[in-house]
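Overview (structure and organization)
One-letter residues, chain by chain:
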Amino acid sequence: MAQPVLATHKLQKSFGALLATDRVSVTLMPGEIHAVIGPNGAGKSTLIKQICGSLQPDSGSVDLLGKDISQLGTAARARQGLARSFQISELAMEDTVLQNVVLGGIGATRATWRFWRPALHTQALIARAESALARVNLLEQKDTICAKLSHGQRRQLEIAVALTLAPKAFIMDEPMAGLGGEGSKTMTKFLDGLRGEAPILLVEHDMDAVFALADRISVLVYGKIIATGSAREIRANRAVREAYLGEAE
Amino acid sequence: MRLREPYLNAAVLLGLIALPLAALLADAPFTITLATRAVILALAAVGLNIALGIGGLVSFGHAVFFGIGGYVMGILASHAQTYTPLDLGFVSIEGTKSMPVIWLSAMLISGIIAFFIGLLSLRTSGVYFIMITLAFGQLFYYFSISWPQYGGEDGLSIYMRNDFPGLNTLKPLQFFCLCFGLLCSVLFIQSKLQSAPFGLALNAARQTPLRAQAVGIEPLKLRLLAFVISGAITGLAGALFADLNRFVSPTMFSWQLSGELIVLIIIGGVGRLMGPVIGACMFVALEHFLGGLTEFWHVYLGLILLCIVLFARGGLIGLLTGKDGAKV
Amino acid sequence: MSAILIIEQILNGLQFGVMLFLMAAGLTLIFGVMGLINLAHGSLYMVGAFAAASMAGLTGSFFIGLLAALIAAALAGAIIEIVVIRRLYKAAHLDQVLATFALILIFSEGTRWLFGSFPLFLEIPKLLSGPISLPGGIQYPLYRLSLIAIGLAVALGLWALIEKTRIGIQIRAGENDREMIAALGVDISKLYTLVFALGAALAGTAGALVGAIQSVQVGMGEPVLILAFVVIVIGGIGSIRGAFIGALLVGLTDTLGGVFLPELLKLFMETGSAQKTGSAFASMGIYILMGGVLIWKPTGLFGARA
């Protein structure tokens, strides 16, 4: 049995009387896309925050490639190889596309404490950035100011930045958010090809994408995983139908 | 009127050199002193701009470093001019009137204090950060007022300008060139910093700290270093200012001065390399001309500032080049 | 160090604190409801003092002067809210700081232009002048005691306004969720103007009241403004209760520190330097207090969850 790339062990988090995360244990195996779905308010973003390090769980742990990262902060986890894309694009709006992606390279290569040679003249950083941009088809827009990009292009840029980290695992928070039909199809195809590089933990609402992409699906309701399985198994699961699929579609 | 920023920058620098040279020819040494004043204030504001414009740290207490630089100069020079060493208990320091030594000391001490202030303040953000930096300014202000040994409220006079090897620093033009040389060096260093990975990361951390963390960058450490560098530069300016006026006083710590430094940057354009320089020149020019017209020129300064904040957010550089300033 | 002296100083500290509360309450309301940092609050304090001094000088009545202070400050507040402040609600903190800093310049120099650089004189009303005998054989200035009373009354009135009236509900709701109350049909711009004018009136009243025991001059507002900011940072921005406790803490620390620190140091040092060092540390004391509170509770004593 292969070792999971990413695993959470009984993560628990309460906000006062509200149990937002109820002993959640999920695993991400090599080469897979594992989708986490659930109705609004199920606790998906709380779970993501605990995995990425911006929220400390009350109990439970997270490990990456077998190593316990529970005590590490967000930046440290990123340096360990955990890449993340945000539901609402987090980008440096005043900077160009290239500058945004080079930022990823700076973090990845620990170049933050270089003070002299311009970042945009450093071959290593530029090469890494441009190859990531090429993969998401944004290379032509590299000198465009981020604020001028379309919504879809910004979503692509988010992915490009994550790529530069050459990560061990991707955490993607609703990458389809706000994308129309065409954009969703393109993104779905892209993510499909990405799984070979590093497995993806995918939080999504777009059911077409989820069923097209996911090897495994976990259903989160009221902070608790009520079912994990293949797309077919989940579709057939009665508890899931009642709690979620029945209402949404 | 759209100008390319590098051309604008060059034009400003050339203008800054040309003015005192013209004044020399016209035998108007006071103008050279004015220009020196502008250059020194510009240097102080350049320091602040690194923390404020690039780092996004709204420090309303940067006068702390200006004052520290001034008092380092004042203390070292006064011990030199009275030929008594400074007795710190465990070590006795001879005073000095050598500029390079004074500058290095001012930068070192300002930097160290910036480190500690930063350590305490940078854990807060938003209005709390503004308030805590303001409070530190007040702390030093009241401390210097009640420190009689170095003049207290009345301040400390240094009779002779300090020495720089090979120059006659009493001559206005020579002192101007010294200050101008320092300003240019610092501007050069800043432009290098800004385009280096450090600057890019700091600038990104201002706009989107979440994204910076998500790629493995720790905004707090970046900001601390930026704050230290910023404090050291403003400290250097303080030492020069005290030298220019041959006088140090607690007003160098005043919160009004902290506010004025921010105003200088805003007038020129936040985060832009030459923003503080343009701002300082405009400010000193306004101070001189408007001040000559009416005793109440601050009213007009206030109105201009109000208009800039409400209507011309990118400052002068923004107006001329069409580019907005950094969003802080 | 007699007990009488200690009690007198405590009363002085309370009086100082309670006047600070008037400033801090307005400041914290404005920040809590509108999210605005208002550096011009000190100028409104000054406007109140000058209005009181001029009207009292014209009419000979302190109380008419006080009324004039309230009206003038509220009016000034309403005007600047409509002309300037309105445009700043959505702006970054830096812009708010600068714009209100600009207002300080305009108000200060404008006042100096109108009234000159020499301080104006505001007399304590005959009704409240002279000492009053307190239990324990203490003679305390009646005016200062009335200030404490007025301050407490205002605190009570504010509490009643916020907790018990419809405007109060709107204010509390506004502090929690600005967009929501707009969506619910509350006239936001009127509410904001009202809150700003209320804060201004409080500041102006404080200026007038204190103006009788200190001098009325340009720039009198700024030191108080900074202290008020320290108060609301200690108390927690947006909390009136925090402003009250914070103001009393600051008032007592400053007054008692200024008296007792030198005395304390005199035990270890010779009198001259003890006095000077003590005074130095006393004026720094408030900032040390603020630093300590922030380290313990980063958003102040009653501030919002961090």
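Everything numeric in this text was worked out from a predicted model, so none of it was measured.

Attention shifts here to the overall build of chain C. Within chain C, the secondary structure is distributed over eleven helices and two strands. Relative to the 2.2 N^0.38 estimate, which gives 19 Å for 306 residues, the radius of gyration of chain C is 20 Å and therefore close to what a compact globule would have. The principal-axis extent of the C-alpha atoms belonging to chain C is close to 65 × 50 × 35 Å. Counting over 306 residues, chain C shows a buried share of 51%.

It is worth spelling out the interface of chain B and chain A at this point. Interface size is commonly expressed as the accessible area that is lost once the parts come together. The interface of chain B with chain A comprises 22 residues on the first partner and 31 residues on the second. Elements with a minimum of two residues in the side of chain B that touches chain A: helix H6 (172-195), helix H7 (197-207) and helix H8 (209-214) of chain B. With six residues, H7 of chain B is the largest single contributor of residues to the side of chain B that touches chain A. Residues that form the side of chain B that touches chain A fall into these classes: 13 nonpolar, five polar and four charged.

All names here are of chain A. Of all the five residues making up strand E8 (residues 169-173), five are buried; the element is thus mostly covered by neighbouring parts of the structure. Side chains of E8 alternate between two faces, with Ala169, Ile171 and Asp173 and Phe170 and Met172 buried alike. Sheet topology places strand E7 (residues 82-85) next to E8; four bridges connect them, and they run parallel. Pairing of Ser85 across the sheet is with Met172, part of E8. In terms of strand pairing, E8 meets strand E9 (residues 200-203) through four bridges, oriented parallel.

This paragraph deals with the arrangement of the chains. Inter-chain contacts occur across two pairs of chains; the most extensive set of contacts lies between chains B and C. A minimum C-alpha distance of 12 Å separates chain A and chain C, which share no contact.

Right, let's talk about the pairing of strand E4 (residues 33-37) of chain A for a bit. Burial analysis of E4 of chain A places five of its five residues in the buried class, which makes it a mostly covered element. Here E4 of chain A shows two buried faces, one formed by Ile33, Ala35 and Ile37 of chain A and the other by His34 and Val36 of chain A.

A few words now on the nonpolar core. Formed by 290 residues in total, the largest nonpolar core has its most connected members in Leu43 of chain B together with Val230 of chain C. In terms of residue count, helix H2 (residues 29-54) of chain B provides more of this core than any other element does, 17 residues in total. Each of domain 1 (6-81 + 167-248) and domain 2 (92-153) of chain A contributes no fewer than three residues to this core. Those residues in contact with Val230 of chain C that sit more than four places away from it in its chain are Ala135 of chain B together with Val250, Ile286, Tyr287 and Met290 of chain C.

So, about the domain arrangement of chain A. In terms of domain boundaries, chain A breaks down into domain 1 (6-81 + 167-248) and domain 2 (92-153). Centre-to-centre, using C-alpha coordinates, domain 1 of chain A lies 27 Å away from domain 2 of chain A.

Turning to the sheet that holds E7 of chain A, a few remarks are in order. Residue and element names in this part refer to chain A. With mixed pairing, six strands are arranged side by side in an open sheet as E7-E8-E9-E4-E10-E11. Among the strands making up the open sheet, the edge pair consists of E7 and strand E11 (224-229). On average, each strand axis in the sheet is inclined to that of its neighbour by 20°, with strand direction left out of account. Contacting E4, E7, E8, E9 and strand E10 (216-221), helix H1 (residues 44-52) runs over the sheet at an angle of about 150° to E8.

Quick look at the packing of helix H2 (residues 41-59) of chain C against helix H9 (residues 221-235) of chain C now. Residues and elements named next belong to chain C. The interhelical angle for the contact between H2 and H9, taken along N-to-C directions, is 135°, at an axis separation of 8 Å. Judged by the inter-axis angle, H2 sits oblique to H9. The element H2 and its partner H9 pack so that their crossing is right-handed. Contacts between H2 and H9 involve His41, Gly42, Ser43, Tyr45 and Met46 on the former and, on the latter, Gly221, Glu222, Val224, Leu225 and Ala228. For the contact of H2 with H9, the per-class residue count stands at five nonpolar, four polar and one charged.

Quick look at the interface of chain C and chain B now. At the interface, 35 residues of chain C touch 37 residues of chain B. When residues of the side of chain C that touches chain B are traced back to their parent elements, those giving at least two are helix H4 (93-115), H9 and helix H11 (271-296) of chain C. Looking at which element gives the most residues to the side of chain C that touches chain B, the answer is H4 of chain C, with 16 residues. In terms of residue class, the side of chain C that touches chain B is made up of 24 nonpolar, six polar and five charged.

So, on to the confidence of the model for chain A. Residues with a pLDDT of 70 or more make up 97% of chain A, whose mean pLDDT is 89. Per-element mean pLDDT across chain A ranges from 69 in helix H9 (residues 238-248) of chain A up to 94 in strand E5 (residues 59-64) of chain A.

This paragraph deals with the environment of Leu119 of chain B. Residue and element names in this part refer to chain B. Relative to the assigned elements, Leu119 resides in helix H4 (residues 99-121). Note on Leu119: 13 C-beta atoms within 10 Å, which makes it partly exposed. Separated by 80 residues in the primary sequence, Leu119 and Val39 have C-alpha atoms spaced 30 Å apart.

Another aspect to go through is H6 of chain B. The α-helix winds at 3.6 residues per turn, so residues separated by three or four positions along the chain end up facing the same way. In this model, H6 of chain B (24 residues) spans 35 Å end to end at C-alpha, consistent with the 34 Å of a helix rising 1.5 Å per residue. Looking at the packing, one finds that the buried side of H6 of chain B touches helix H1 (5-25), H2 and helix H9 (219-245) of chain B.

Below, the discussion takes up the packing of H1 of chain B against H2 of chain B. Residues and elements named next belong to chain B. Interaxial distance between H1 and H2 falls to 8 Å at its minimum, and their mutual angle equals 160°. Accordingly, the angle class assigned to the pair H1 and H2 is roughly antiparallel. For the element pair H1 and H2, the recorded crossing hand is left-handed. In contact with Leu16, Leu19, Pro20, Ala23 and Leu24 of H1, H2 contributes Thr31, Ile32, Ala35 and Val39. For the contact of H1 with H2, a count of residues per class yields eight nonpolar, one polar and no charged.

Residue and element names in this part refer to chain C. Across chain C, the average pLDDT comes to 87, with 98% of residues at or above 70. Mean pLDDT across the elements of chain C ranges from a minimum in helix H7 (residues 178-183), with 71, to a maximum in helix H3 (residues 62-83), with 94. Predicted complex, confidence summary: ipTM 0.89, pTM 0.89.

Bringing the environment of Ala78 of chain C into the picture now. Residues and elements named next belong to chain C. Here Ala78 lies in helix H3. Given 18 C-beta atoms within a 10 Å radius, Ala78 is considered partly exposed. On a C-alpha basis, the gap between Ala78 and Tyr192 in space is 9.4 Å, while along the polypeptide they are 114 residues apart. The residues touching Ala78, leaving out its near neighbours within four places in the chain, are Thr193, Phe196 and Ala197.

Here is what the cut-offs are and how they apply
Residues numbered from 1 in each chain as written. Chains lettered and ligands numbered in written order. Predicted model: local features only at pLDDT ≥ 70, side-chain atom pairs only at ≥ 80, totals over all residues. Helix = DSSP H or I, 4+ residues; strand = E, 2+ residues; numbered from the N terminus. Rg over C-alpha atoms; globule rule 2.2 N^0.38 Å. Buried ≥ 20, exposed ≤ 12 C-beta atoms within 10 Å, placed from the backbone. Contact = placed C-beta atoms within 7 Å. Nonpolar A, V, L, I, M, F, W, Y, C, P; charged D, E, K, R; others polar. Pairing = 2+ DSSP bridges. Core = buried A, V, L, I, M, F, W, Y, C linked by C-beta atoms within 7 Å. Domains from an automatic or database assignment. Axes fitted to C-alpha atoms, helices over the stretch in contact; angles between N-to-C directions. Parallel < 35°, antiparallel > 145°, perpendicular 65-115°, else oblique. Left-handed = near helix turned anticlockwise from the far one by under 90°. pLDDT = per-residue confidence, 0-100. Expected span 1.5 Å × (residues − 1).

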